[in-house]
Amino acid sequence: MSIETIYTSAACNRTPDSLDWGQDGLIYFAASHAIAVFDPKYQGSVKIIRTLVGHKARVNTVRVVRAAIECHGSIHLVSGSDDGTCILWNTKQDGAEANPARFVLNGHLKGVTVVDAFVDAAKNLIVATGSVDSSIKLWHCVNESTFECFQTIDLRSGLTFAMKLLSLPRSNATMLAFATDTDVVNLCVRQEENFVQVEQLKGHFDWVRGLDCVQLPDSDDWLLATSSQDTFIRLWRISPRESLQKQKDFEEIRLDEDITIEERTFTVRAVDGSEYHYALSLESVLQGHEGWVYGVHFSLHNSKLHLLSSSIDKSLIAWTPSESGVWVESVRVGEVGGSSLGFYGGKFSPNGKSIIGHGFQGSFHLWHEDDEQRGLWNPGTILGGHFGGVRDLAWDPVGGMYVITLSADQTTRIHAPWNRKGEVTWHEIGRPQVHGYDMQCLTLLSRYRLASAAEEKIIRIFQAPSNFVENFRALCGVASDPEGDAVIESNPMGASVPSLGLSNKAVFDVEQPEPDKRHIKDMYPEHYFSPIALESPPAEETLMQNTLWPEIQKLYGHGNELYAIASSPDGSLIASGCRATSANQAQILLWDTASWRILQHLTAHQLTVTQLAFSPNGQFLLAASRDRTFSVFRREEMAGSFELVMRSDKTKGVHTRIIWCCDWSHDSELFATGSRDGKVVAWIGAEQEQQQGASAAPFVQRSVLELKNESITAVAFGRKKLQDDRYLVAVGLESGVIKLYGLGQWDLLVNISEAHAHHMTVKRLSFRPHEESHQLASCGEDGLVRVYGLKL
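Since this is a predicted model, take the numbers as computed values, not measurements.

How each quantity is defined
Residues numbered from 1 in each chain as written. Predicted model: local features only at pLDDT ≥ 70, side-chain atom pairs only at ≥ 80, totals over all residues. Heavy atoms only, no water. Helix = DSSP H or I, 4+ residues; strand = E, 2+ residues; numbered from the N terminus. Buried < 20%, exposed > 50% of the residue type's maximum accessible area, 1.4 Å probe, protein only. Contact = heavy atoms within 4.5 Å. Areas by Shrake-Rupley, 256 points an atom, 1.4 Å probe, with all protein chains shown as cover. Lys, Arg positive; Asp, Glu negative; His and termini not counted. Charge placed at Lys NZ, Arg CZ, Asp CG, Glu CD. Core = buried A, V, L, I, M, F, W, Y, C linked by side-chain atoms within 4.5 Å. Phe/Tyr/Trp six-rings, centres within 6.5 Å; stacked < 30°, edge-to-face > 60°. Lys NZ or Arg CZ within 6 Å of the ring centre and 35° of its normal. Salt bridge = Lys/Arg side-chain N within 4 Å of Asp/Glu carboxyl O. Pairing = 2+ DSSP bridges. Axes fitted to C-alpha atoms, helices over the stretch in contact; angles between N-to-C directions. Parallel < 35°, antiparallel > 145°, perpendicular 65-115°, else oblique. Left-handed = near helix turned anticlockwise from the far one by under 90°. Nonpolar A, V, L, I, M, F, W, Y, C, P; charged D, E, K, R; others polar.

K.L.:
Where do I start with the overall build of the chain in this structure?
P.N.:
Helix and strand content of the chain: 3 helices and 60 strands. By its C-alpha atoms, the chain is 105 × 70 × 50 Å across when sized along the principal axes. Within the chain, buried positions represent 59% of all 792 residues. Partitioning the contacts of the chain with sequence separation of at least 6, the portion at a separation of at least 24 is 51%. About 32500 Å² of surface is accessible on the chain, with carbon and sulfur atoms providing 46% of the total. The positive charge centre, built from 72 side chains, and the negative charge centre, built from 96, are 4 Å apart in the chain.

This is the structure:
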């Protein structure tokens, strides 16, 4: 058996400078504890092609090493994490056995928040790391297997926000520019072995957050850009001088009667003892943003210099110098409306013809310059993902045309294949619910009807609007869709969330003759839906505003926060459970989706029910619980109600820890339970002749898989048998690994490691309900959603 990763969904971490665009055309960004490698030109679209796993906590910063030479084991990438380490990566190295983490730099006492790497004139790699422990450490290579810290700069109580290494012209001395939680930028130059402060850049009125530099074309001068929370960007010029004309700290160059430029000078001593002089002057002050400017990035293309600035005011601005030398705004891009909170960073592509920005909510925004009309920037196709742990997922029950996921980031999202002329890439195409509570569980009643529950006591029911159905059909190439026809004919166009509200309200066609059904627009028009016809996957602002599903019902009945929910195969029943510390709270409620009323209270457990699953034939309901037991309820044909027919023994049962997960086989013949004790147990229906009376258990233990020192957190059966008549079972672990087994004797078929699966707890696994192909969807606490294709 072979396995291919068809789709990976991930959001960028909510930290500045956590994304960089490499010279190889690939984008590297921090995704939870890992680094995702994103190809913006994959088959004419976009795709995350790889994840680099090595850190043990959130990755804060990612920086591509821009060097013309290969050095020290081909290090191409540097990252810093909350685990206090900096990792140097060889991203060219691939393969299951290859470890791309070339060096791990340990030394900081707290998280690393900013890094930079630079190849100096002697072709040695120097790495600078800034940490929350109020220090900056400088590292260099001692030998092929060791990187060591050769200097620590103590900031006393300061925090480093930005850092840049560069080589001064003529002397080839290495300069370190860094900004801390002050309005000053410090300049240090390496003299002999250590860095010594030579100057400070003063002029900002608030913390400096962004820093970048570039050598001017056909010149020895360097241009340094600094951006600040004071909304200004300042450009500083560093120029070599033959000698110090005046023996004082600075000289004033008079431009006219009213304007003077302050030019400061400093001297650097080279290795051979000779002295080199440099002048430092303020080149320009750029004002265009209305909020904090988190990042700046230079790009040199077509022999022209460009500067990109990213701000929390929801805009990215590209600046260029005019013929007179004055820097002017050449293009401004960004979000219009919406409830997002602006940009944490932005980068030019290596050729300068594309811009990517990453936002506060982990989203990406991509623009490409028009080849025919210069200066015109068009939005590009992009991908995205959850910026919180993904707790549940479900396939479209009619053929598995999409996967819907639910997360602690308070959203539900629909991921689907974009089908165009035979080329297929997966994207997020809808966001049915944007909530005010962390989401917990969901189930699909039909292709276009969703039930979800958050950390509140209500189950909310959503119905897809007609505009979503039209776009879903167009993007995914859906032909036969009777339910969709009914939705288009009778349902509202879309939905919106009113100010200070949690419920998605239906928005009808503007030509709707019944005024009582129209939405009354108030003073916040940007919150409201407008119908769109999509020809490509929607951008972030479109997802946030125009793909919501109207809420059609609320179900009240539980006394605590919801934890588990499931629906019967025909969508006529919903079973739900909440957080519980007693038998009364742990009751499972059974709802009728025709009347939205409670049909039954099912009692079996003492603590929270962790997962619920109806058998595919609709005859059984399986429940797993924190009380180390599971229960099976059978539907009585005459009464139509469910009756408890089996409950495992708490003290003598095979499971000795919390049972986290359970699932049924496609033919309803057996089910599996997975527990924190590392055991997955398969249970099979007992033959009638083996039962001794009505009290005998309808299911008996068939086989046990035991994984030492592991915790089983997700289990799923394939939707058809393997060619050798065995069941296919996927098992997810707390470590993030996914294992695929052939169930006769639990034969391991495929082991999906953390780099290709998850680097945190696997929360849910589910196979696509499609008999022609085996596809597996997974989600985890790391915020990743993956879809795998299996070749048997």
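K.L.:
Any chance you could explain the nonpolar core here in plain terms?
P.N.:
The nonpolar side chains of soluble globular proteins are, as a tendency, buried together. Within the largest apolar cluster, 26 residues are counted, with the highest numbers of intra-cluster contacts made by Tyr402, Ile404, Ile429, Phe468, Phe472, Cys476 and Trp549. Mapped by element, the contributors of at least two residues to this core are β33 (403-407), β34 (411-420), β36 (439-446), β37 (449-454) and α1 (466-476). Sorting elements by how many residues they give to this core places α1 first, with 5 residues. Setting aside its immediate chain neighbours within four residues, Phe468 contacts Ile414, Ile429, Gly430, Tyr448 and Trp549. Grouped together as the second largest cluster of nonpolar side chains are 22 residues, Ala162, Leu224, Phe266 and Val268 included.

K.L.:
What should I look at first to understand the packing of aromatic side chains in this one?
P.N.:
Each pair of aromatic rings is reported with the distance of its centres and the angle of its planes. Throughout the structure, instances matching the rule amount to 28 aromatic pairs. Here the basic side chain of Arg190 rests over the ring of Phe150, its NZ or CZ set 4.2 Å away from the ring centre.

K.L.:
Would you take a moment to explain the pattern of salt bridges for this structure?
P.N.:
A side chain with one charge may pair with a side chain of the opposite charge, provided their charged atoms come close. The full count for this structure, using the stated rule, is 38 salt bridges. Linking Asp116 and Arg63 is a salt bridge whose minimum nitrogen-to-oxygen distance equals 2.9 Å. On the criterion of sequence distance, the pair formed by Asp116 in strand β10 (residues 112-119) and Arg63 in strand β6 (residues 59-64) is long-range, its members being 53 residues apart. The same class applies to Asp116 as to Arg63, namely buried. With its nearest N and O atoms 3.1 Å apart, the salt bridge here joins Glu329 to Arg332. Via salt bridges that share partners, Asp17, Asp20, Arg63, Arg66, Asp116 and Lys347 belong to a single interconnected network.

K.L.:
Help me out: how do you make sense of the pairing of strand β46 (residues 609-614) in this one?
P.N.:
One face of the sheet, then the other: side chains in a regular strand alternate in exactly this way. With 6 of its 6 residues buried, β46 lies for the most part within the structure. Across 5 bridges, β46 lies against strand β47 (residues 620-625) in antiparallel orientation. Across the sheet, Phe614 pairs through a bridge with Leu621, a residue of β47. The hairpin formed by β46 and β47 contains 5 residues between the paired strands, and Gly618 there has a positive phi angle of roughly 75°.

K.L.:
What am I meant to see in the packing of α1 against helix α2 (residues 482-490) here?
P.N.:
Helix packing geometry: the angle between the two helix axes and the distance between the axes. Interaxial distance between α1 and α2 falls to 8 Å at its minimum, and their mutual angle equals 140°. Compared by their axis directions, α1 and α2 come out oblique. The chirality of how α1 crosses α2 is left-handed. On α2, the residues that touch Ser466, Val469, Glu470 and Arg473 of α1 are Gly484, Asp485, Val487 and Ile488. Tallied by class, the residues present in the contact of α1 with α2 amount to 3 nonpolar, 2 polar and 3 charged.

K.L.:
How should I be thinking about the sheet that holds strand β1 (residues 2-9) in this particular structure?
P.N.:
Note: strands within a sheet are paired through backbone hydrogen bonds, in either parallel or antiparallel orientation. If you walk across this open sheet you meet the 4 strands as β1-β60-β59-β58, and the pairing is antiparallel. On the outer flanks of this sheet lie β1 and β58 (762-767), each paired with one strand and no other. Averaged over all neighbouring strand pairs, the angle between strand axes comes to 20°, with direction disregarded. In this structure, β58 lies alongside strand β59 (residues 774-780), joined through 5 bridges in antiparallel fashion. Pairing of Phe767 across the sheet is with Leu776, part of β59.

K.L.:
Honestly, the sheet that holds β36 in this entry has me stumped. Any pointers?
P.N.:
Strand order in the open sheet formed by 4 strands is β36-β37-β38-β41, and the pairing between neighbours is antiparallel. Of all the strands in the sheet, just β36 and β41 (551-556) have a single pairing partner and so form its edges. Mean inter-strand twist for the sheet, computed between neighbouring axes without regard to direction, equals 20°.

K.L.:
It is not clear to me how unusual backbone geometry should be interpreted in this structure. Could you clarify?
P.N.:
Residues other than glycine predominantly adopt negative phi, and peptide bonds predominantly adopt the trans conformation. With a phi angle near 70°, Arg170 is a residue other than glycine that sits in the positive phi range. As for its placement among the helices and strands, Arg170 is situated in the loop between β14 (160-167) and β15 (174-180). A positive phi is found at Asp218, a non-glycine position, where the angle reads about 55°. Note on Asp218: relative accessible area 86%, which makes it exposed.

K.L.:
Sorry, what's going on with the pairing of strand β28 (residues 343-348) here?
P.N.:
Counting buried positions along β28 yields 6 of 6 residues, so the element is predominantly enclosed. Across 5 bridges, the pairing between β28 and strand β29 (residues 354-359) is antiparallel. Bridged to Phe348 within β29 is Ile355. Linkage of β28 to β29, two consecutive antiparallel strands, is achieved through a turn of 5 residues, within which Gly352 is found at a positive phi near 75°.

K.L.:
Help me understand α1, please; the structure alone is not making it clear to me.
P.N.:
Note: α-helices contain 3.6 residues per turn, so residues at a spacing of three or four share the same orientation. Burial runs high along α1: 9 of the 11 residues are buried. Among the residues making up α1, those that are buried are Ser466, Asn467, Phe468, Val469, Asn471, Phe472, Arg473, Leu475 and Cys476. Those residues of α1 that are buried are in contact with β34, β35 (423-434), α2 and α3 (540-546). Of the residues one or two after α1, Gly477 is the one with positive phi, at around 65°.

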